[in-house]
Amino acid sequence: MATQCAAPAHFKAELAQTAAAIVAPGKGILAADESTGTIGKRFSAISLENVEENRRAYRDLLFSAGPELKNYLGGVILYEETLFQKDASGKPFADVLREQGIIVGIKVDMGVVVLPGTDGETTTQGLDGMAERCAKYYKAGARFAKWRSVLKISKTCPTQLAITENANVLARYAAICQSQGLVPIVEPEILMDGDHDLAKAVQVTEDVIAACYAALSLHHIFLEGSLLKPNMVCPGQDCPTKYTPAQIGEATATVLRRTVPAAVPGITFLSGGQSEEEATIHLNEINRYPGPKPWSLTFSYGRALQATVIKTWAGKPENVKAAQQALLVRAKANSEACVGKYAGSRAGAAASESLYVKDYKY
């Protein structure tokens, strides 16, 4: 029986194959899609000028880290500028990644804007002209996309307005992506800001993800050709109660079982300001939690893969090899965690530093 579907028939097999390949066992995503402003903040911390050549050189460092990289990464998310840049030899970054068997992704949203009449709640913009941009990105070698929606927990948030609006805009984005051959990563991030406890985080995350899949169903999204990028279910940054990694793993696995259809091939967690080591340990505990988990549970980390890398590099050519080794160490750690086999052997002082930023934007 034929059913309506946002994905055209000629793209469905490719979309499903792409989504499955990104989250193949032991593989996750490097989120290297920081905007020019955000990468500027990272460069400022190492006293490096935020100019295109430095941005290009840094991404070149990441993408040429070594032959082992392909064992840990199924995909890399790029910012638009990076998609059209080249490595030092003149090869497009999209080709550099593709030749390693790493699938190219692209950030397509245009950032958040405030929803009038709310307590600073937001929606995400960028739908206008998106179909044409997606077609251009596909031609340039991209095969998946990312769109970040942001919600927060407080005494009055999230409102039903914010939950519904963000679920709807994520569904519209997903439909446009699939119509142009790109696998959509659906990212409803609930910020760690606040002092809420774990029970509150469970309730809100469950409500938000359930609303997203209701909207995705209404928009006829081909779930087999999509991925979810949620926050792990964690208490607020200022919560006085401290929870164990096993409790975080149980809370997160429980919410996902209640809300995410089995047809979705993978869940690629954001790190959300956790330290590098916290993000790895929590991912490991989610995978170790017993019971049915019909999806791949893996990572789509930006700060939690790059914090040590950028400090080690410090903008100096003589530090490139050491910085690349730091990336491989974190990538291997998370590869182990996404199959529940991380033993904590990759930790260092830098890996335990908090990466939390209040009201994080990028």
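### Description of the overall build of the chain
Argument step 1. Helix and strand counts for the chain stand at 13 helices and 10 strands.
Argument step 2. A compact globule built from 362 residues would reach a C-alpha radius of gyration of about 21 Å, and the chain, at 19 Å, matches this within 12%.
Argument step 3. Principal-axis analysis of the C-alpha atoms gives the chain an extent of 50 × 50 × 40 Å.
Argument step 4. Accessible area of the chain: about 14400 Å², with a carbon and sulfur share of 54%.
Argument step 5. Distance between charge centroids for the chain: 3 Å, based on 38 positive and 37 negative side chains.

### Quick word on the nonpolar core
Argument step 1. Phe63 and Tyr173 are the most contacted members of the largest nonpolar core, which has 111 residues in total.
Argument step 2. Ignoring anything within four residues of it in the chain, the contact list for Tyr173 reads Val108, Leu127, Met130, Ala145, Lys146, Trp147, Pro184 and Ile185.

### Focus: the environment of Phe63
Argument step 1. Residue position: Phe63 is located in helix H3 (residues 52-63).
Argument step 2. For Phe63, a relative accessible area of 1% puts it in the buried group.
Argument step 3. The sequence separation of Phe63 and Leu30 amounts to 33 residues, and the corresponding C-alpha distance is 9.8 Å.
Argument step 4. Ignoring sequence-local partners within four residues, the contact set of Phe63 consists of Leu30, Ala32, Leu69, Val76, Leu78, Thr82, Phe93, Val96, Leu97 and Gln100.

### Focus on the side chain of Arg59
Argument step 1. Note that Arg59 resides in helix H3.
Argument step 2. Assessed through its relative accessible area of 1%, Arg59 is described here as buried.
Argument step 3. A polar contact of 3.1 Å, which involves the side chain of Arg59, links it to the side chain of Glu34.
Argument step 4. Setting aside residues no more than four positions away along its own chain, Arg59 makes contact with Ala32, Asp33, Glu34, Ile39, Thr82 and Phe93.

### Side note on the packing of helix H11 (residues 276-288) against helix H13 (residues 320-337)
Argument step 1. Relative to each other, H11 and H13 sit at 20 degrees, their axes nearing to 8 Å. As far as their axial angle goes, H13 and H11 are roughly parallel. Here the hand of the crossing between H11 and H13 comes out right-handed. For the pair formed by H11 and H13, the contact residues are Glu276, Glu277, Ala279, Thr280, Leu283, Asn284 and Asn287 on the first element and Arg330, Ala333, Asn334, Glu336 and Ala337 on the second.
Argument step 2. Residues that form the contact of H11 with H13 fall into these classes: four nonpolar, four polar and four charged.

### Description of the packing of aromatic side chains
Argument step 1. Enumeration according to the criterion identifies seven aromatic pairs in this entry.
Argument step 2. Ring geometry for Tyr58 versus Trp313: centroids 5.3 Å apart, planes at 25 degrees, classification stacked. In this pair, Tyr58 sits in helix H3 while Trp313 sits in helix H12 (residues 303-313), placing the two residues 255 residues apart along the sequence.
Argument step 3. Residue Tyr58 is classed as buried on the basis of its relative accessible area of 0%.
Argument step 4. Since its relative accessible area comes to 5%, Trp313 is described here as buried.
Argument step 5. With a centroid separation of 5.2 Å and 85 degrees between ring planes, the pair formed by Phe63 and Phe93 is classed as edge-to-face.

### Some remarks on the environment of Glu99
Argument step 1. Positionally, Glu99 belongs in the loop between helix H6 (93-98) and strand E3 (103-107).
Argument step 2. Glu99 sits 171 residues away from Leu270 along the chain, and the two C-alpha atoms are 26 Å apart.
Argument step 3. Of the polar contacts made by the side chain of Glu99, one reaches the side chain of Lys91; its length is 2.8 Å.

### A look at H3
Argument step 1. Given a rise of 1.5 Å per residue, 12 residues ought to cover 16 Å, and the 16 Å separating the end C-alpha atoms of H3 matches this to within 8%.
Argument step 2. Among the 12 residues of H3, nine are classified as buried, and the element is accordingly described as predominantly covered.
Argument step 3. The set of residues buried in H3 consists of Asn54, Arg55, Arg56, Tyr58, Arg59, Asp60, Leu61, Leu62 and Phe63.

### What about helix H2 (residues 36-45)?
Every α-helical turn comprises 3.6 residues, leaving residues that sit three or four positions apart pointing alike.
Argument step 1. Three or more residues of H2 are buried, namely Thr38, Ile39, Gly40, Arg42 and Phe43.
Argument step 2. At its buried positions, H2 is contacted by H3 and H12.

### Considerations on unusual backbone geometry
Argument step 1. Following Cys157, the chain continues into Pro158 via a peptide bond in cis, with omega recorded as 0 degrees.
Argument step 2. Tracing the backbone shows Pro158 in the loop between strand E6 (144-151) and helix H8 (160-179).
Argument step 3. Residue Ser47 is not a glycine yet carries a positive backbone phi of 60 degrees.
Argument step 4. Its location among the elements puts Ser47 in the loop between H2 and H3.
Argument step 5. Classification of Ser47 as exposed rests on a relative accessible area of 73%.
Argument step 6. One non-glycine residue with positive phi stands out, namely His220, at about 60 degrees.
Argument step 7. Relative to the helices and strands, His220 is located in the loop between helix H9 (198-218) and strand E8 (227-228).
Argument step 8. Since its relative accessible area comes to 31%, His220 is described here as partly exposed.

Parameters at a glance
- Residues numbered from 1 in each chain as written.
- Predicted model: local features only at pLDDT ≥ 70, side-chain atom pairs only at ≥ 80, totals over all residues.
- Heavy atoms only, no water.
- Helix = DSSP H or I, 4+ residues; strand = E, 2+ residues; numbered from the N terminus.
- Rg over C-alpha atoms; globule rule 2.2 N^0.38 Å.
- Areas by Shrake-Rupley, 256 points an atom, 1.4 Å probe, with all protein chains shown as cover.
- Lys, Arg positive; Asp, Glu negative; His and termini not counted.
- Charge placed at Lys NZ, Arg CZ, Asp CG, Glu CD.
- Core = buried A, V, L, I, M, F, W, Y, C linked by side-chain atoms within 4.5 Å.
- Buried < 20%, exposed > 50% of the residue type's maximum accessible area, 1.4 Å probe, protein only.
- Contact = heavy atoms within 4.5 Å.
- Polar contact = N/O pair within 3.5 Å; in protein donor to acceptor, adjacent residues only side chain to side chain.
- Axes fitted to C-alpha atoms, helices over the stretch in contact; angles between N-to-C directions.
- Parallel < 35°, antiparallel > 145°, perpendicular 65-115°, else oblique.
- Left-handed = near helix turned anticlockwise from the far one by under 90°.
- Nonpolar A, V, L, I, M, F, W, Y, C, P; charged D, E, K, R; others polar.
- Phe/Tyr/Trp six-rings, centres within 6.5 Å; stacked < 30°, edge-to-face > 60°.
- Expected span 1.5 Å × (residues − 1).

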